[in-house]
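# Examination of the molecular architecture
Given next are the chains, with one letter for each unit.
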Amino acid sequence: MEGMFRFADDLGPIKIVHIHDPATGLKAVVAIDNVACGPAIGGVRMAVDVSAEEAFRLARAMTFKNSAAGLPHGGGKSVIFGDPRMDIGQKERIVRAFARAIRDLGEYIPGPDMGTDERCMGWIKDEIGRAAGLPPEIGGIPLDEIGATGFGLAVAVEVAARFCDLKLAGARVAVQGYGSVGRHAARFLAQKGAILVAASDTKATVHDPNGLDLAALDALKSGGRSLDGYPGGRKLDRDAVIGVECDIWIPAARPDVIRAENVSRLKARLIAQGANIPITPDAERTLHERGVLSIPDFIANAGGVICAATEYRGGTQSDAFRVIEEKIRANTETVLKEARSAGTPPRTAAVALAERRVRAAMALRRR
Ligand code: NAD
């Protein structure tokens, strides 16, 4: 009994639901953390090695991300046990069974995450009438295609640059993980005058201090090729992007890529965290002590969920860009101001901001 409540604290989770449907083989866990700000919005992850603990930790991260972004949504997440590359017919049966099983969990709105996509959200919407991150044919805004998260990152960088006396015109940018988030961040920063000097993927880093050609990089990635096929620049190993001379460094690949043993290689003055938890807490402290400004993940990369929440309200693509700009600009400003005046790392100020908003919303609920 006690084990079942091992994640419980004064914020949540309010529900952890285990689902088993013997007819389809569906096994899933839904974690609804806190809904004081509104119904929880959070992705459905499909993988073979997921767990209730992972669902809860991701749900808590969504509570903070959504409240920090000032969205009328709490945090939730669900996991489906299974190989996302399973036969598509079987995947549809499993996802539809999952949808029917969460029909009455009205305080949870599912969205796409690792292993699920907009088509899966279309099936869920068809079953129960609620999901975010839908295909465009049924009112969805294709957030990866339009670069919602990369756009938000560029806005956060623009605000943060003022806090470290950096001019965006001519600033050198390095991006780890030239995917949906990384390439659009590079594009929007280039529109503000910055120069992409290095980019990496799972195979290689490509480096050119005079600037890389974004169209050539995009052509490689959309053709399913690696950056090591880039015609020009220097080809380096995958992790060389960490030590490249630059002003702005953007992790947009995997968690925990910057740790105690490699943090000293980073040369940038400003870091905008595109990936979730790309820097371990001790490495983040080291950066703060060295005077490197690092914008925390759930402030800088909230563009995707803001876009999904805008879509859920029937908003358009241009509404989404406007809301992302407004919210990320205001939040980055608040967090960096508070961190500066308190002398804390930005993450401390960001968590405090998120918690403050959740607790203020909780105080409005009937007790
Ligand atoms: P993606 O799969 O489109 O792109 C990831 C890129 O990183 C790929 O180019 C891949 O080759 C590269 N990569 C993977 N491992 C790498 C490594 N070890 N070193 C260098 N490059 C590596 O994924 P994405 O949607 O761009 O997401 C990137 C990260 O951002 C993930 O951590 C994701 O959770 C997070 N995130 C995404 C969104 C979104 O809107 N897509 C929103 C918030 C956070």
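Since we're looking at a predicted model, the values are computed, not measured.

## Notes on the layout of surface pockets
Its boundaries defined by the atoms lining it, the second largest pocket holds a volume of some 220 Å³. As for the second largest pocket, its lining consists of M4, F5, R6, F7, A8, P13, I14, K15, I16, H18 and A52. It is strand β1 (residues 15-21) that provides the largest number of residues to the lining of the second largest pocket, a total of three residues.

## A short note on the pattern of salt bridges
Evaluated as defined, the whole model comprises 27 salt bridges. The closest approach of N and O atoms between D10 and R359, which form a salt bridge, is 3.0 Å. You can see D10 sitting in the segment before β1 and its partner R359 sitting in helix α12 (residues 346-363), a full 349 residues away along the chain. The partner of R347 in a salt bridge is D297, with the nearest N and O atoms 3.0 Å apart. Remark: D297 occurs in helix α9 (residues 297-300) and R347 occurs in helix α12; sequence separation between them is 50 residues. The pair R347 / D297 is uniform in exposure class, with both members buried. A network of salt bridges, in which partner residues are shared, links E92, R96, R100, D126 and E127.

## Focus on the nonpolar core
Counting 74 residues, the largest nonpolar core has L196, L217, I248, I250 and L270 as the members making the most contacts within it. Looking at this core element by element, the count peaks at 11 residues for helix α5 (residues 148-163). With near-sequence residues (within four places) excluded, I248 lies in contact with V157, L166, L168, A171, R172, V173, A174, A268 and L270.

## A closer look at the site of the ligand
Taken together, 22 residues are adjacent to the ligand, and D144, T149, S180, V181 and A253 come closest. Separating a nitrogen atom of the ligand from a side-chain N or O atom of D144 is a distance of 3.0 Å. Within the contact set of the ligand, an oxygen atom lies 3.4 Å away from a backbone nitrogen or oxygen of T202. Burial of the ligand by the protein chains amounts to 73% of its free accessible area of 830 Å². Listed by contribution, the elements that provide at least two residues to the shell around the ligand are α4 (143-146) and α6 (180-191).

## Regarding the sheet that holds strand β5 (residues 108-112)
Sheet architecture is open: five strands sit in the order β1-β2-β4-β3-β5, paired in mixed fashion. On the outer flanks of this sheet lie β1 and β5, each paired with one strand and no other. Adjacent strand axes in the sheet meet at a mean angle of 25 degrees when their direction is disregarded. Judged from the five bridges that link them, strand β3 (residues 40-47) and strand β4 (residues 75-81) form a sheet pairing that is parallel. Bridge pairing in β4 links V44 to S78.

## Looking at a negative patch on the surface
A cluster of acidic residues, D117, E118, E137, D144 and E145, forms a negative patch on the protein surface. You can see E137 is positioned in the loop between α3 (118-128) and α4.

## Section: the packing of aromatic side chains
Two aromatic rings are characterised by how far apart their centres lie and by the angle between their planes. Across all of its chains, the model carries five aromatic pairs by this definition. When the ring of F7 is compared with that of F56, the centres are 4.8 Å apart and the planes differ by 15 degrees; the resulting orientation is stacked. Placement of F7 in the segment before β1 and of F56 in helix α1 (residues 52-68) is noted, with a sequence separation of 49 residues between them. For F7, a relative accessible area of 12% translates into the label buried. Taking the relative accessible area as the measure of exposure, F56 reaches 9% and is therefore buried. Centroid distance F151 to F188: 5.1 Å. Interplanar angle 75 degrees. Geometry classified as edge-to-face.

## Topic: the sheet that holds strand β7 (residues 195-200)
Pairing in this open sheet of seven strands is mixed, and the strands run β9-β8-β7-β6-β10-β11-β12 from one edge to the other. The two strands at the open ends of the sheet, each matched to only one other strand, are β9 (234-236) and β12 (293-295). Going across the sheet, the axis of each strand differs from the next one's by a mean of 20 degrees, ignoring polarity. Bridging between β7 and strand β8 (residues 205-207) involves three bridges; their strand directions are antiparallel. Within β8, the position partnered with A199 by the bridge is V206.

## Concerning helix α11 (residues 317-342)
In this model α11 runs 37 Å from its N-terminal to its C-terminal C-alpha over 26 residues, within 8% of the 38 Å that 1.5 Å per residue would give. Those residues of α11 that fall on the buried side of the exposure criterion are A320, F321, V323, I324, K327, I328, N331, T332, E333, V335, L336 and A339. One or two steps after α11, the chain reaches G343, where phi turns positive at roughly 70 degrees.

The rules we used
Residues numbered from 1 in each chain as written. Predicted model: local features only at pLDDT ≥ 70, side-chain atom pairs only at ≥ 80, totals over all residues. Heavy atoms only, no water. 1 Å grid on protein atoms, 1.4 Å probe; cavity = no way out; pocket = protein on both sides within 12 Å on 5 of 7 lines; lining within 4 Å. Points joined across faces, edges and corners; volume = space filled by probe spheres on them. Helix = DSSP H or I, 4+ residues; strand = E, 2+ residues; numbered from the N terminus. Salt bridge = Lys/Arg side-chain N within 4 Å of Asp/Glu carboxyl O. Buried < 20%, exposed > 50% of the residue type's maximum accessible area, 1.4 Å probe, protein only. Core = buried A, V, L, I, M, F, W, Y, C linked by side-chain atoms within 4.5 Å. Contact = heavy atoms within 4.5 Å. Near = heavy atom within 4 Å. Polar contact = N/O pair within 3.5 Å; in protein donor to acceptor, adjacent residues only side chain to side chain. Areas by Shrake-Rupley, 256 points an atom, 1.4 Å probe, with all protein chains shown as cover. Pairing = 2+ DSSP bridges. Axes fitted to C-alpha atoms, helices over the stretch in contact; angles between N-to-C directions. Patch = residues over 30% accessible without salt bridge, like charges linked within 9 Å, V, L, I, M, F, W, Y side chains within 5 Å. Lys, Arg positive; Asp, Glu negative; His and termini not counted. Charge placed at Lys NZ, Arg CZ, Asp CG, Glu CD. Phe/Tyr/Trp six-rings, centres within 6.5 Å; stacked < 30°, edge-to-face > 60°. Expected span 1.5 Å × (residues − 1).

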